[in-house]
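Letter by letter, the chains look like this.
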Amino acid sequence: MTTQKLHEHAEEIRDQFTDHLSVSVEDVEQRLDTLVNEYQVPLEEARRSVTSHYLDRADLERDDLQGDNQGAVVADIDTAEEWLTIEATVVDLWEPQSDAIGQVGLLGDETGTIKFTAWAKSDLPALEEGESYRLQNVVTDEYQGRYSVKLNRTTTIEPLDEAIAVSEQTESVTGALVDIQSGSGLIKRCPVDGCTRVLQNGRCSEHGDVDGEFDLRIKAVIDDGTTAHEVIFDRETTEAITGIQLETAKNMAMDALDTSVVLDEMSGELLGRYYQVEGPEIGRYLLVEEFTAVDAPTGVDDLLIKARSI
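Only a predicted model underlies this, so the values are computations on that prediction, with no experimental measurement involved.

Cut-offs and rules
- Residues numbered from 1 in each chain as written.
- Predicted model: local features only at pLDDT ≥ 70, side-chain atom pairs only at ≥ 80, totals over all residues.
- Heavy atoms only, no water.
- Core = buried A, V, L, I, M, F, W, Y, C linked by side-chain atoms within 4.5 Å.
- Buried < 20%, exposed > 50% of the residue type's maximum accessible area, 1.4 Å probe, protein only.
- Helix = DSSP H or I, 4+ residues; strand = E, 2+ residues; numbered from the N terminus.
- Contact = heavy atoms within 4.5 Å.
- Phe/Tyr/Trp six-rings, centres within 6.5 Å; stacked < 30°, edge-to-face > 60°.
- Lys NZ or Arg CZ within 6 Å of the ring centre and 35° of its normal.
- Patch = residues over 30% accessible without salt bridge, like charges linked within 9 Å, V, L, I, M, F, W, Y side chains within 5 Å.
- Areas by Shrake-Rupley, 256 points an atom, 1.4 Å probe, with all protein chains shown as cover.
- Salt bridge = Lys/Arg side-chain N within 4 Å of Asp/Glu carboxyl O.
- Lys, Arg positive; Asp, Glu negative; His and termini not counted.
- Charge placed at Lys NZ, Arg CZ, Asp CG, Glu CD.

(A) Local environment of the nonpolar core. Counting residues in each nonpolar core, the largest one holds 22 residues, and the members touching the most others are Leu 177, Leu 186, Ile 218, Val 231, Phe 233, Leu 270 and Val 277. Among the elements of the structure, strand S7 (170–180), strand S11 (213–223), strand S12 (228–233), helix H5 (246–256), helix H6 (260–270), strand S13 (274–282) and strand S14 (285–288) are those that each provide at least two residues to this core. Ignoring sequence-local partners within four residues, the contact set of Phe 233 consists of Leu 177, Arg 217, Ile 218, Ala 220, Thr 238, Ile 241, Val 277, Val 288 and Phe 291. Counting 18 residues, the second largest nonpolar core, distinct from the first, contains Val 74, Leu 84, Val 90 and Leu 93.

Structure below.
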């Protein structure tokens, strides 16, 4: 069998273990090559043999790392590659950016919130937003100082009868509103009960083609001079900060036969202005519950912030 074909099969096998075992494509390819080209083992049998080898290795490493698999609260997660059991509520679900990801979102308990990822190949039951679960055998991960948990094929998911309360710690940011991201303005959401996904070209990623319901929101960036903070204004705060009501926005779009006129109007009103915003952090976003327009400070740094909004 050609080296290219073996490499492709090796990548497929390696991808099955990336969430809970360190495996190189080269190692997998070498094992396949030995079985197929040296011992003349049929490809499918060789694949099963190699896959079984790594499954056994993953089970051993899991047992070594897992220990007693102690329960943990979100605030205590400060080490990568730990096997834990957590009880938490699904605060938010996001759109996966890869076919390899089954679900991604935010879990929370009384101590804080944390990102979770469930791999598609793990074939786990889907978590529902607002529901509470006991998640056993999750693995902690760390990237650029932020911790998360991964759900893998060994994770067990048990719905809880009692809801887990989620900490509602608020943050405050003051700075210039320097950008309004795509997906802002007049949008449409899926009308199916329990689903609030924003439609893309009239289609919900879960429920397909639907007749969406109009809504308003702003996904913005506020620069405090040191850090760029991503913030979200829901319909209520969007109407308050722009003065544009939902019905007005719908009429604007209908007259122009284009929903982008709403976003253009909002951008002209908000970009470059200074605000103090407050609200809880949901994943990478601060969900704005209160805002105040503030005077623009003076100074070189602040002029640079202003320039970034132009």
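On we go from here.
(B) Just the packing of aromatic side chains, in detail. Under the definition given, this model contains one aromatic pair. One residue, Lys 188, lies across the ring of Phe 214, its end atom 4.8 Å from the ring centre.

(C) Quick look at unusual backbone geometry. The backbone of Asp 123 sits at a positive phi, close to 55°, despite the residue not being glycine. Following the sequence through the fold, Asp 123 ends up in the loop between strand S4 (112–119) and strand S5 (132–143).

(D) Summary view of a negative patch on the surface. A surface patch of negative charge is lined by Asp 234, Glu 236, Glu 278, Glu 289 and Glu 290. Within the secondary structure, Glu 236 sits in helix H4 (residues 235–242).

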